[in-house]
Amino acid sequence: MQTIQIKGVKREQFGKKGAKDIRRENLIPCVIYGNGGETIHFSVEAAEAKKILYTPKTYIVVLDIDGTEVKGVMRETQFHPVKDYCQHIDFFRVVDGKPVSVEVPVAVVGNSEGVKAGGKLKIERRKLTVSGLEENLLDELVVDITELGVGKSINVADLNYEGLKILTPASTPVVSVLATRQSGR
């Protein structure tokens, strides 16, 4: 999985008023927690956070917080309901030798037999939640649809990736080919 570096500054202000003051300076309040490490409250520049916020990719984020490097994955974001700017980011700490769960994008490859016969391809899930060690995490989960016929689907249970455990329920459809009027002739 790709890594990206972001600089942060420890913060001493907490609560609504503290968060408001931080946002006024064009910073985003953040926290990193989990995997047995201490919880660190910090802030990052909004422009710097755009690298991880507005992309379909998932990254291992190397956070440089006042000179101390901490690895993590973005776990949750909170956006303003009207103005649509990021209000808060939660990171989960990544530790060597301990599995971490992340959402990884699905990449559909191949030309489906069902689509060739007139069916319509429907991607049901754009991301799947997986768990694994940092070195086993993939940039994307490749799903080959070449053999997929009309009225058929590929579920999570049909997928297998070395070194990863898929946490999304096994019965969840990932991609399917729907019958159309034209394909029924």
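Just above sits the structure.
Treat the numbers as computed from the prediction; the structure is a model and nothing was measured. (Residues numbered from 1 in each chain as written. Predicted model: local features only at pLDDT ≥ 70, side-chain atom pairs only at ≥ 80, totals over all residues. Heavy atoms only, no water.)

## Quick look at the overall build of the protein chain
Selection rule: Every helix listed is a DSSP run of H or I at least four residues long, and every strand listed is a run of E at least two residues long, numbered separately from the N terminus. It is over C-alpha atoms that the radius of gyration is taken, and the globule rule equals 2.2 Å times the number of residues to the power 0.38. Relative accessibility thresholds used throughout: buried, under 20% of the residue-type maximum; exposed, over 50%; partly exposed, between the two (1.4 Å probe, protein chains only).
Across its full length, the protein chain holds 3 helices and 13 strands. A compact globule built from 185 residues should have a C-alpha radius of gyration of about 16 Å, whereas the protein chain, at 20 Å, is more than 25% larger. Judged by the C-alpha coordinates and their principal axes, the protein chain covers about 65 × 40 × 25 Å. Counting every position in the protein chain, which comprises 185 residues, the buried fraction comes to 42%.

## Points about helix α2 (residues 46-53)
Definition in use: Here the arc refers to the set of directions running from the helix axis out to each C-beta atom. We call two residues contacting when some pair of their heavy atoms lies within 4.5 Å.
Every buried residue of α2 is listed here: A46, A49, I52 and L53. The buried residues of α2 all sit within an arc of 105° when viewed along its axis, so they share a single face. Away from its buried face, by an angle of more than 90 degrees, α2 presents the exposed residues A47 and K50. Packed against the buried residues of α2 are β1 (3-10), β2 (27-33), β3 (40-45), β4 (60-65), β5 (68-79) and β6 (86-93).

## Some details on the sheet that holds strand β12 (residues 165-166)
As a reminder of what qualifies: For two strands to count as paired, DSSP must find a minimum of two bridges between them.
Reading across the sheet, the 4 strands line up as β10-β7-β9-β12 and stay open at both edges, with mixed pairing between neighbours. Across the chains shown, the open sheet's two edge strands, defined by having one partner strand only, are β10 (141-144) and β12. With 4 bridges joining them, strand β7 (residues 100-109) and β10 adopt parallel strand pairing. The residue of β10 that forms the bridge with V106 is L141.

## A short note on the packing of aromatic side chains
As a reminder of what qualifies: Pairing of aromatic rings covers Phe, Tyr and the six-membered ring of Trp, with a centre-to-centre limit of 6.5 Å; geometry is then stacked below 30 degrees between planes, edge-to-face above 60, and tilted otherwise. Only when the NZ of Lys or the CZ of Arg is both within 6 Å of the ring centre and within 35 degrees of the ring normal is a charge said to sit over the ring.
Here the structure, examined in full by the defined rule, presents 3 aromatic pairs. Note on Y33 and F92: the rings are 5.9 Å apart at their centroids and 80° apart in plane angle, and the pair reads as edge-to-face. Separated by 59 residues along the polypeptide, Y33 in strand β2 and F92 in strand β6 bring together distant segments of the chain. Take Y33: its relative accessible area is 26%, and that puts it in the partly exposed class. One residue, R75, lies across the ring of F92, its end atom 4.3 Å from the ring centre.

## As for the environment of G114
Summarising the element assignment, G114 is placed in helix α3 (residues 113-116). For the pair formed by G114 and Y33, sequence separation is 81 residues and the distance between their alpha carbons is 46 Å. Each residue touching G114, except ones within four places of it in the same chain, is listed here: G119, L148, G149, V150 and V177.

## Observations regarding the sheet that holds strand β11 (residues 153-155)
As a reminder of what qualifies: Here the axes come from fitting lines to C-alpha atoms, over the contacting stretch only for helices, and the angles between their N-to-C directions go from 0 to 180 degrees.
Here we have 3 strands laid out as an open sheet, ordered β8-β13-β11, and antiparallel in their pairing. Looking at strand neighbours, the two that pair on one side only are β8 (120-123) and β11, the edges of this open sheet. When the angles between neighbouring strand axes are averaged without regard to direction, this sheet yields 10°.

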